[in-house]
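Next come the chains, spelled out residue by residue.
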Amino acid sequence: MIVEDQVLIGLSLEAYLEDAGFSVAGPFLSCADALQWLEHHTPQVAVLDVMLQDGTSLLVAQELKERHTPFAIYSGLPFTPSVPDELQGVPWLEKPAPREQLTETVARLSRADARPGDFNRAR
(Lines give C-alpha, C1' and ligand atoms only; values in the text may rest on other atoms or scores of the structure.)
Protein backbone atom coordinates (compact mmCIF):
# COMPACT_ATOMS: atom_id res chain seq x y z
CA MET A 1 0.00 0.00 0.00
CA ILE A 2 1.35 3.41 -0.98
CA VAL A 3 -0.05 6.59 0.57
CA GLU A 4 1.55 9.57 -1.19
CA ASP A 5 -0.08 12.83 -2.26
CA GLN A 6 2.38 13.74 -5.02
CA VAL A 7 1.32 11.75 -8.06
CA LEU A 8 4.74 11.48 -9.70
CA ILE A 9 6.40 10.32 -6.48
CA GLY A 10 3.59 7.84 -5.88
CA LEU A 11 3.91 6.42 -9.39
CA SER A 12 7.69 6.15 -8.99
CA LEU A 13 7.28 4.29 -5.71
CA GLU A 14 4.76 1.99 -7.35
CA ALA A 15 7.15 1.25 -10.24
CA TYR A 16 10.09 0.62 -7.87
CA LEU A 17 8.10 -1.79 -5.74
CA GLU A 18 6.51 -3.60 -8.68
CA ASP A 19 9.97 -4.01 -10.25
CA ALA A 20 11.07 -5.59 -6.95
CA GLY A 21 8.18 -8.09 -7.17
CA PHE A 22 5.56 -6.50 -4.93
CA SER A 23 1.88 -6.07 -5.78
CA VAL A 24 0.89 -2.49 -5.04
CA ALA A 25 -2.34 -0.86 -3.91
CA GLY A 26 -2.47 2.87 -4.51
CA PRO A 27 -0.98 5.33 -4.55
CA PHE A 28 -3.64 6.91 -2.38
CA LEU A 29 -3.43 10.70 -2.46
CA SER A 30 -5.31 11.42 0.75
CA CYS A 31 -5.88 10.00 4.19
CA ALA A 32 -9.58 9.66 3.37
CA ASP A 33 -8.88 7.59 0.24
CA ALA A 34 -6.48 5.32 2.12
CA LEU A 35 -8.91 4.81 5.01
CA GLN A 36 -11.72 4.03 2.58
CA TRP A 37 -9.57 1.34 0.93
CA LEU A 38 -8.65 -0.05 4.36
CA GLU A 39 -12.35 -0.57 5.14
CA HIS A 40 -12.25 -3.69 2.94
CA HIS A 41 -8.54 -4.53 2.61
CA THR A 42 -5.46 -5.11 4.73
CA PRO A 43 -2.07 -4.68 3.09
CA GLN A 44 0.92 -6.84 3.93
CA VAL A 45 3.06 -3.69 4.24
CA ALA A 46 2.62 0.05 3.60
CA VAL A 47 4.65 3.12 2.69
CA LEU A 48 3.25 6.40 4.03
CA ASP A 49 4.05 10.02 3.38
CA VAL A 50 3.38 12.09 6.51
CA MET A 51 1.73 15.10 4.87
CA LEU A 52 -1.15 14.40 2.48
CA GLN A 53 -3.72 16.43 0.55
CA ASP A 54 -6.15 16.35 3.47
CA GLY A 55 -3.72 16.58 6.40
CA THR A 56 -1.47 13.97 7.93
CA SER A 57 -1.39 10.20 7.54
CA LEU A 58 -1.59 9.64 11.31
CA LEU A 59 -5.04 8.03 11.13
CA VAL A 60 -3.76 5.59 8.51
CA ALA A 61 -0.71 4.84 10.66
CA GLN A 62 -2.94 4.26 13.67
CA GLU A 63 -5.17 1.88 11.69
CA LEU A 64 -2.15 -0.04 10.40
CA LYS A 65 -0.68 -0.35 13.91
CA GLU A 66 -4.01 -1.64 15.25
CA ARG A 67 -3.90 -4.34 12.53
CA HIS A 68 -0.23 -5.11 13.25
CA THR A 69 0.58 -4.17 9.65
CA PRO A 70 4.17 -2.98 9.25
CA PHE A 71 4.83 0.29 7.45
CA ALA A 72 7.58 2.75 6.65
CA ILE A 73 7.47 6.52 6.43
CA TYR A 74 8.68 8.10 3.18
CA SER A 75 8.63 11.83 3.79
CA GLY A 76 10.30 15.10 2.99
CA LEU A 77 10.10 15.86 6.70
CA PRO A 78 13.16 14.95 8.75
CA PHE A 79 12.92 12.38 11.51
CA THR A 80 12.79 13.80 15.03
CA PRO A 81 12.64 11.83 18.29
CA SER A 82 9.39 13.64 19.11
CA VAL A 83 7.35 12.17 16.23
CA PRO A 84 3.79 11.21 17.19
CA ASP A 85 3.20 7.83 18.85
CA GLU A 86 1.68 6.44 15.64
CA LEU A 87 5.05 6.91 13.91
CA GLN A 88 7.33 5.63 16.68
CA GLY A 89 9.37 2.52 15.96
CA VAL A 90 8.91 2.50 12.19
CA PRO A 91 11.56 3.02 9.51
CA TRP A 92 11.82 6.63 8.38
CA LEU A 93 13.11 7.34 4.88
CA GLU A 94 13.69 10.96 3.90
CA LYS A 95 12.83 11.94 0.34
CA PRO A 96 14.53 11.35 -1.95
CA ALA A 97 15.75 8.02 -0.58
CA PRO A 98 17.61 5.73 -2.97
CA ARG A 99 15.44 3.17 -4.73
CA GLU A 100 17.46 0.31 -3.22
CA GLN A 101 16.92 1.62 0.30
CA LEU A 102 13.17 1.82 -0.25
CA THR A 103 12.84 -1.66 -1.72
CA GLU A 104 15.13 -3.17 0.94
CA THR A 105 13.08 -1.55 3.71
CA VAL A 106 9.79 -2.82 2.28
CA ALA A 107 11.26 -6.29 1.80
CA ARG A 108 12.39 -6.41 5.44
CA LEU A 109 8.97 -5.22 6.60
CA SER A 110 7.18 -7.82 4.51
CA ARG A 111 9.06 -10.73 6.05
CA ALA A 112 6.90 -12.76 8.41
CA ASP A 113 9.43 -12.35 11.22
CA ALA A 114 9.51 -8.55 11.12
CA ARG A 115 8.34 -6.83 14.28
CA PRO A 116 7.90 -3.07 14.81
CA GLY A 117 10.75 -2.90 17.33
CA ASP A 118 13.21 -4.41 14.83
CA PHE A 119 13.70 -1.12 13.03
CA ASN A 120 15.44 2.11 13.74
CA ARG A 121 15.31 5.20 11.65
CA ALA A 122 16.50 4.30 8.15
CA ARG A 123 19.18 6.53 6.64
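What you are looking at is a predicted structure, and each value in this text was computed from that prediction instead of being measured.

**A short note on the packing of helix H1 (residues 7-19) against helix H4 (residues 99-110)**
Okay, so step 1: It is at 10 Å that the axes of H1 and H4 come closest, and there the two elements cross at 65 degrees. The handedness of the crossing between H1 and H4 is right-handed. Packed against H1, whose contacting residues are Leu13, Ala15, Tyr16, Leu17 and Asp19, the element H4 presents Arg99, Leu102, Thr103 and Val106 at the interface.
Okay, so step 2: Taken together, the residues of the contact of H1 with H4 sort by class into six nonpolar, one polar and two charged.

**A word on the pattern of salt bridges**
Okay, so step 1: Per the stated rule, a full pass over the model turns up four salt bridges.
Okay, so step 2: Across the pair glutamate 4 and lysine 95 runs a salt bridge, and its minimum N-O distance is 2.9 Å. A residue pair is termed long-range when its members are at least 10 positions apart, and glutamate 4 in the loop between strand S1 (2-3) and H1 and lysine 95 in the loop between strand S6 (92-94) and H4 qualify at 91 residues.
Okay, so step 3: Take glutamate 4: its relative accessible area is 1%, and that puts it in the buried class.

**Digging into the nonpolar core**
Okay, so step 1: Ranked by internal contacts, the top residues of the largest apolar core, which has 20 residues, are Leu48, Val60, Phe71, Ile73 and Leu87.
Okay, so step 2: Secondary-structure elements contributing two or more residues to this core are helix H2 (31-38), strand S2 (46-48), helix H3 (58-66) and strand S5 (71-75).
Okay, so step 3: With twelve residues, the next largest nonpolar core counts Val45, Val47, Ala72 and Leu102 among its residues.

**A closer look at the sheet that holds S5**
The strands that make up a sheet are held in pairs by hydrogen bonds between backbone atoms, and each pair lies either parallel or antiparallel.
Okay, so step 1: Within the open sheet, the four strands sit side by side as S1-S2-S5-S6. Their pairing is parallel. Only two strands of the sheet have a single partner each, and these edge strands are S1 and S6.
Okay, so step 2: Sheet strands touched by H3: S1, S2 and S5. Its angle to S2, the strand with the most contacts, is close to 155 degrees.

**Focus: the environment of leucine 59**
Okay, so step 1: Note on placement: leucine 59 falls in helix H3.
Okay, so step 2: Apart from the residues within four sequence positions on either side, leucine 59 is in contact with Cys31 and Leu35.

**Quick look at the confidence of the model for the protein**
Okay, so step 1: Of the residues in the protein, 90% reach a pLDDT of 70 or more, and the chain-wide mean stands at 90.
Okay, so step 2: Low pLDDT (under 50) marks residues 114-123, which in the prediction has 18 contacts with non-local residues, meaning those over four places away or in another chain.

**Digging into H2**
Okay, so step 1: Where H2 is concerned, the buried positions are Cys31, Ala34 and Leu38. Looking down the long axis of H2, one finds its buried residues gathered within 70 degrees of arc, a one-sided arrangement.
Okay, so step 2: Tucked inside the fold, the buried residues of H2 contact S1, strand S3 (51-52), strand S4 (55-56) and H3.

Criteria and cut-off values
- Residues numbered from 1 in each chain as written.
- Predicted model: local features only at pLDDT ≥ 70, side-chain atom pairs only at ≥ 80, totals over all residues.
- Heavy atoms only, no water.
- Axes fitted to C-alpha atoms, helices over the stretch in contact; angles between N-to-C directions.
- Helix = DSSP H or I, 4+ residues; strand = E, 2+ residues; numbered from the N terminus.
- Left-handed = near helix turned anticlockwise from the far one by under 90°.
- Contact = heavy atoms within 4.5 Å.
- Nonpolar A, V, L, I, M, F, W, Y, C, P; charged D, E, K, R; others polar.
- Salt bridge = Lys/Arg side-chain N within 4 Å of Asp/Glu carboxyl O.
- Buried < 20%, exposed > 50% of the residue type's maximum accessible area, 1.4 Å probe, protein only.
- Core = buried A, V, L, I, M, F, W, Y, C linked by side-chain atoms within 4.5 Å.
- Pairing = 2+ DSSP bridges.
- pLDDT = per-residue confidence, 0-100.
- Arc of directions from axis to C-beta.

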